[in-house]
Amino acid sequence: MATVKRASRNTAEQRSSPAVDRDWLRRMYREERDKRLRPDGNDQYIDMSGEYAKYIEDPHVEGCLGREPLSDLVDVVVVGGGFGGLLTGARLRETGITSGVRLIEKGGDFGGTWYWNRYPGAMCDVESYVYLPLLEEIGYVPKEKYAHAPEILAHSRAIGEHYDLYRDALFQTEVIELRWDDTSDRWIVSTNRGDAIRARFVVTASGPLHRPKLPGIPGIKSFKGHSFHTSRWDYAYTGGTCEGNLTGLTGKRVGVIGTGATAVQVVPQVGKWAEHLYVFQRTPSGVDVRGNRPTDPEWAASLPPGWSKRRKENFTNLLSGVPEPEDLVGDGWTDIVARMMARVRNADAEGLTPEGLAEMMEMADFEKMDQIRARVDSIVEDKSTAEALKPYYRQFCKRPCFHDEYLQTFNRPNATLVDTNGKGVERITERGCVVDDVEYELDCIIYATGFEVSPDHVRRGGFELYGREGVSLTEHWADGMRTLHGMQTRGFPNLFLIQNSQAALTANFVHLIDVSATHIAYIVGHSLHHGVQVVEVSEEAETEWVEKIVGSGTPILGGAAYQAECTPGYYNNEGQPNNTPQARYRAMYSGGAVGFINVLEEWRAQGDLPGLELTR
Ligand code: NDP
């Protein structure tokens, strides 16, 4: 049976009744948030260069790539070889651009997140039939409802092969600077391999979660045992594969720091093999039912042409509150939103005020989270462990998780939850981790501590961009981000960004990436086919879009008031939402994902690229 070490806090027994007790929950949520707020915000994490560089070395390639630096000219450079880069490459090919497309990727192959994250138990938590891109184009149906990482990586490679994107790709190569050359109207793409590639167009698709981060826990360097980050899983140490069989952990005391979406998948695997597993928890995840199952071959064979697009749209519509006659995916995500939408429809019927509606949504949230907390009680045998594993915050304060073995792991005799009561690991010594003055001796520490999601694009992306007259993007956006559709910004011609601010977001991130890739390929394809040298957003079009966003946009992941009440995490900039005037410029299109898709489709349907200045 798992033991739990934790300081005291409010407990469920203090609730006035088992039914939803709004006042008690509000107080509890606030207390749980307050104890986690810290003034250093994002700065609590360590920049993984210099002495920490070993944590970001690529375990999947042997040695350093030997090749001469390049300074050739290509039509398009795409930064990133994950789904964003692959989709851009694929959609460019579909517009008839058969050559001159160079994907630059720091990993040794395509795959992005799925190249790096090969930890045991890794799988997608959005249904694979809607998450994996280009399924019909490749002619593939995933083997399970939630595909495991090796299958997703193989699919990434299949896209690279199918669209002939390997031909001009540069792997093990990191972009360190993008600089627009006003004299030649080209981008100079500098890399850590000494390349200075000239490109007419550049698309950045480096993804929001690609720079792993370590917590700045005092003494972190002093640990004498083994340690690594989940995104660089060390199978040489643990043995086994992504499927498990971690025989190298036999007889080892292993600490996992972090309990986010990654840890939820890792912990059951480590628990099966380690002599003892200690899970160091700062904030529990909300973990709902997963219900994975193999794909029914008959169902796969019966899928009609267009099924993949239809299913993706059905999922995104349902998550955006757009009515659909049926729920094709029928999973935890659509369940959450269906409950909320049922409330909204009732509210409409009852003619509720916005405040009344907000209260109604809050009650729906309380009910859903109560259900998640009840699930903990129904699975975890030790009562105090169960209590510590219950999340006390609103459901979209953190990534909702779905797993059928995570909570069960804490019933194992070799698993201990070390709850830090919101404070995190206090210290790391040469022997292990210290919490509440107790030292937990460990042979290995696994950091499941996530990725940089700083609002600073250089910190997040790893390089600066210089546009016309050498102005950096940081300077250009000093007073707030400015774009058309979140993809183009004036002063940075022929540049396209795949990201969410001033655009849109849905739980099926890849769907929106594809929407952007398709849109970008349309503009780039049009330009290349019509001899357009320079494409730049007009001042008016940019201003109009920015005003639309700032005037009525939705700050990333929920409203400002919602985020301010949330426990800290990367969704709310570590508890410092809206801490700068620029933050409101990072809002999203207020019409949601479906509205945004419609805006782009209508824009393309006009045929004359409105709002763009074209130079031949
Ligand atoms: P997260 O940022 O979600 O989690 C990091 C964890 O580390 C949190 O539990 C955090 O606690 C904890 N932590 C940080 N510092 C300390 C400390 N000093 N002491 C103790 N704990 C600490 O990263 P993940 O890698 O888990 O997930 C990132 C994202 O990746 C997900 O949100 C999801 O979008 C994506 N993902 C997707 C998957 C998929 O299937 N598609 C699977 C896995 C990840 P706290 O919460 O208190 O900050």
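Residues numbered from 1 in each chain as written. Predicted model: local features only at pLDDT ≥ 70, side-chain atom pairs only at ≥ 80, totals over all residues. Heavy atoms only, no water.

Quick notes on the overall build of the protein chain
So, point 1. Each helix and strand counted, the protein chain has 20 helices and 24 strands in total.
So, point 2. Relative to the 2.2 N^0.38 estimate, which gives 25 Å for 616 residues, the radius of gyration of the protein chain is 24 Å and therefore close to what a compact globule would have.
So, point 3. Principal-axis analysis of the C-alpha atoms places the extent of the protein chain at approximately 70 × 65 × 55 Å.
So, point 4. In the protein chain, which comprises 616 residues, the share counted as buried stands at 56%.
So, point 5. In the protein chain, 73% of the contacts between residues at least 6 apart in sequence involve partners at least 24 apart.
So, point 6. A gap of 3 Å separates the mean positions of the 68 positive and 87 negative side-chain charges of the protein chain. (Helix = DSSP H or I, 4+ residues; strand = E, 2+ residues; numbered from the N terminus. Rg over C-alpha atoms; globule rule 2.2 N^0.38 Å. Buried < 20%, exposed > 50% of the residue type's maximum accessible area, 1.4 Å probe, protein only. Contact = heavy atoms within 4.5 Å. Lys, Arg positive; Asp, Glu negative; His and termini not counted. Charge placed at Lys NZ, Arg CZ, Asp CG, Glu CD.)

A few points about the site of the ligand
So, point 1. In the neighbourhood of the ligand, 26 residues make up the surrounding shell, with Met-123, Thr-262, Thr-283, Lys-398 and Tyr-570 lying closest.
So, point 2. Within the contact set of the ligand, an oxygen atom lies 2.6 Å away from a backbone nitrogen or oxygen of Met-123.
So, point 3. For the ligand, an oxygen atom lies 3.1 Å from a polar atom in the backbone of Ala-261.
So, point 4. Coverage of the ligand by the protein chains reaches 90% of its 920 Å² of free accessible surface.
So, point 5. Looking at the shell around the ligand, the element that brings in the most residues is helix α8 (residues 261-273), giving three residues.
So, point 6. Looking at the shell around the ligand, its residues break down into 13 nonpolar, nine polar and four charged. (Near = heavy atom within 4 Å. Polar contact = N/O pair within 3.5 Å; in protein donor to acceptor, adjacent residues only side chain to side chain. Areas by Shrake-Rupley, 256 points an atom, 1.4 Å probe, with all protein chains shown as cover. Nonpolar A, V, L, I, M, F, W, Y, C, P; charged D, E, K, R; others polar.)

Focus: the domain arrangement of the protein chain
So, point 1. Structurally, the protein chain comprises domain 1 (12-35 + 219-290 + 358-447) and domain 2 (73-110 + 165-211 + 453-615).
So, point 2. The C-alpha centroid of domain 2 is placed 35 Å from the C-alpha centroid of domain 1.
So, point 3. Carbon and sulfur atoms make up 47% of the area that domain 1 and domain 2 hide from each other, which totals about 1,100 Å².
So, point 4. Applying the counting rule to domain 1 against domain 2 returns two salt bridges.
So, point 5. Arg-33 is the salt-bridge partner of Glu-565, the closest N and O atoms lying 3.9 Å from each other. (Domains from an automatic or database assignment. Buried area = accessible area lost by both parts, 1.4 Å probe. Salt bridge = Lys/Arg side-chain N within 4 Å of Asp/Glu carboxyl O.)

As for unusual backbone geometry
So, point 1. In this structure, Asp-164 takes a positive phi of about 55° despite not being glycine.
So, point 2. Structurally, Asp-164 can be placed in the loop between α6 (149-162) and β5 (175-181).
So, point 3. Located in the positive-phi region is Leu-609, a residue other than glycine, with phi close to 50°.
So, point 4. Within the secondary structure, Leu-609 is located in the loop between α20 (592-606) and β24 (612-615).
So, point 5. Overall, Leu-609 belongs to the buried group, its relative accessible area being 2%.

Here we look at the pattern of salt bridges
So, point 1. All told, the structure shown has 40 salt bridges when counted by the stated rule.
So, point 2. Ionic pairing is found between Arg-38 and Asp-40, a salt bridge with its closest N-O pair at 2.8 Å.
So, point 3. Close ionic contact of Arg-253 with Glu-441 constitutes a salt bridge, the shortest N to O distance being 3.6 Å. With Arg-253 in strand β10 (residues 253-257) and Glu-441 in strand β17 (residues 438-441), this residue pair connects regions lying 188 residues apart in the sequence.
So, point 4. Residue classification places Glu-441 among the partly exposed positions, given a relative accessible area of 39%.
So, point 5. Among the charged side chains, a network of salt bridges with common partners joins Arg-30, Arg-33, Asp-34 and Glu-565.

What about helix α10 (residues 307-319)?
So, point 1. Its 13 residues give α10 an end-to-end C-alpha distance of 18 Å, which sits within 8% of 18 Å, the value for a rise of 1.5 Å per residue.
So, point 2. Burial within α10 is extensive, with ten of its 13 residues counted as buried.
So, point 3. Following α10 by one or two positions, Gly-321 adopts a phi angle in the positive range, close to 80°. (Expected span 1.5 Å × (residues − 1).)

Comments concerning the pairing of strand β6 (residues 186-191)
So, point 1. The buried count for β6 comes to five of six residues, which makes it a mostly enclosed element.
So, point 2. What sits between the antiparallel neighbours β5 and β6 is a turn of four residues, in which Asp-185 has the positive phi angle 55°.
So, point 3. The sheet contact formed by β6 and strand β7 (residues 196-204) spans four bridges and is antiparallel. Considered in β7, the bridge of Val-189 is made with Ile-197.
So, point 4. Between β6 and β7, which follow one another and run antiparallel, lie four residues, and Gly-194 among them has a positive phi close to 80°. (Pairing = 2+ DSSP bridges.)

A short note on the environment of Phe-496
So, point 1. Tracing the sequence through the fold places Phe-496 in strand β20 (residues 495-497).
So, point 2. In sequence terms Phe-496 and His-519 are 23 residues apart; their C-alpha atoms lie 10.0 Å from each other.
So, point 3. Sequence-distant contacts of Phe-496, that is, excluding residues within four places in its chain, are made with Phe-201, Val-202, Val-203, Thr-204, Met-487, Gln-488, Ile-520, Ile-523 and Val-524.

Quick notes on the sheet that holds strand β16 (residues 432-435)
So, point 1. With respect to topology, three strands assemble into an open sheet ordered β15-β16-β17, the strand pairing being antiparallel. With partners counted over all chains shown, the strands left at the sheet margins are β15 (427-428) and β17, one partner each.
So, point 2. By the bridge criterion, four bridges tie β16 to β17 in an arrangement that is antiparallel. Counterpart to Val-435 in the pairing with β17 is Val-438.

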